[in-house]
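Architecture and fold: a report
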Amino acid sequence: MKAKLNGWQRIWVVLSVIYFVIVVVFTYTAWPTESKIDNSWVYSLIDKTKDPNDYTYQIRDAYKDISDKELIKRINAKYSTNQDYKEILNEINLKYQSELQSLWKNQFRTAGIALVAWLLPIAIVYLLGLSVGWIYKGFKNKQNF
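All of the points below concern the structure found in this document. Keep in mind that this is a model prediction, so the values were computed, not measured.

Evaluated as defined, the whole model comprises five aromatic pairs. Ring geometry for Phe20 against Trp118: centres 5.2 Å apart, planes inclined by 70°, an arrangement best described as edge-to-face. Linking Phe20 in helix H1 (residues 7–30) with Trp118 in helix H6 (residues 103–143), this pair joins segments that are 98 residues apart in sequence. Looking at Phe20, the relative accessible area reads 41%, which means it is partly exposed. Ring geometry for Tyr55 against Tyr57: centres 5.9 Å apart, planes inclined by 35°, an arrangement best described as tilted. Of the two residues, Tyr55 and Tyr57, neither departs from the other in class, the shared state being exposed.

Bringing the nonpolar core into the picture now. Core analysis: the biggest nonpolar cluster contains 14 residues, and Trp41, Leu45, Leu71 and Ile75 have the highest contact counts within it. Secondary-structure elements contributing two or more residues to this core are helix H2 (34–49), helix H4 (68–79) and helix H5 (83–101). Considering every element that reaches this core, the biggest residue donor is H2, with five residues. Among all residues touching Leu45, those that are not within four sequence positions of it are Ile72, Ile75, Asn76, Leu89, Ile92 and Asn93.

Along the chain, the position of Leu130 falls in helix H6. Overall, Leu130 belongs to the partly exposed group, its relative accessible area being 46%. A C-alpha to C-alpha distance of 29 Å links Leu130 and Val25, two positions 105 residues apart in sequence.

Our focus in this paragraph is the pattern of salt bridges. Throughout the structure, instances matching the rule amount to four salt bridges. Here Glu34 ties to Lys69 by a salt bridge, and the two come within 2.7 Å at their closest N and O atoms. Placement of the pair is Glu34 in helix H2 and Lys69 in helix H4, with a sequence separation of 35 residues. Exposure remark for Lys69: the relative accessible area of 40% places this residue in the partly exposed category. A salt bridge links Arg74 to Glu70; the nearest nitrogen and oxygen atoms lie 3.4 Å apart.

About the criteria used
Residues numbered from 1 in each chain as written. Predicted model: local features only at pLDDT ≥ 70, side-chain atom pairs only at ≥ 80, totals over all residues. Heavy atoms only, no water. Phe/Tyr/Trp six-rings, centres within 6.5 Å; stacked < 30°, edge-to-face > 60°. Helix = DSSP H or I, 4+ residues; strand = E, 2+ residues; numbered from the N terminus. Buried < 20%, exposed > 50% of the residue type's maximum accessible area, 1.4 Å probe, protein only. Core = buried A, V, L, I, M, F, W, Y, C linked by side-chain atoms within 4.5 Å. Contact = heavy atoms within 4.5 Å. Salt bridge = Lys/Arg side-chain N within 4 Å of Asp/Glu carboxyl O.

Spatial relationships are all this shows, so hold off on functional conclusions.
And the structure:
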């Protein structure tokens, strides 16, 4: 059986597809990855170990030929024996190791949020459209009597 859509439903379908593309783009930019976690990890370590007059991004830029994972190892090796930094580094390392371990859960959660962020508004718009159409038909039928 071929479903026939009226003009308003066709507009709703087209806008739903456009909105889907927008949600996919935003989800792609927010998608948690191992490299994003490593990058945040490096910047957190640099920020806690740098001189107050230095800028974190400048220090990272000075080591741009080194991967994030390698720089994490080097920073930890350099400062792990220093008692002033040991506790801070351990706290940062535990936080990001935990994030890496729960990466798939965070990805699943991000996908679920994206799905809800797409489905909920389009369902609400569709139901509002049906409601307005139902109300309009009620007034239109009343005028015929």
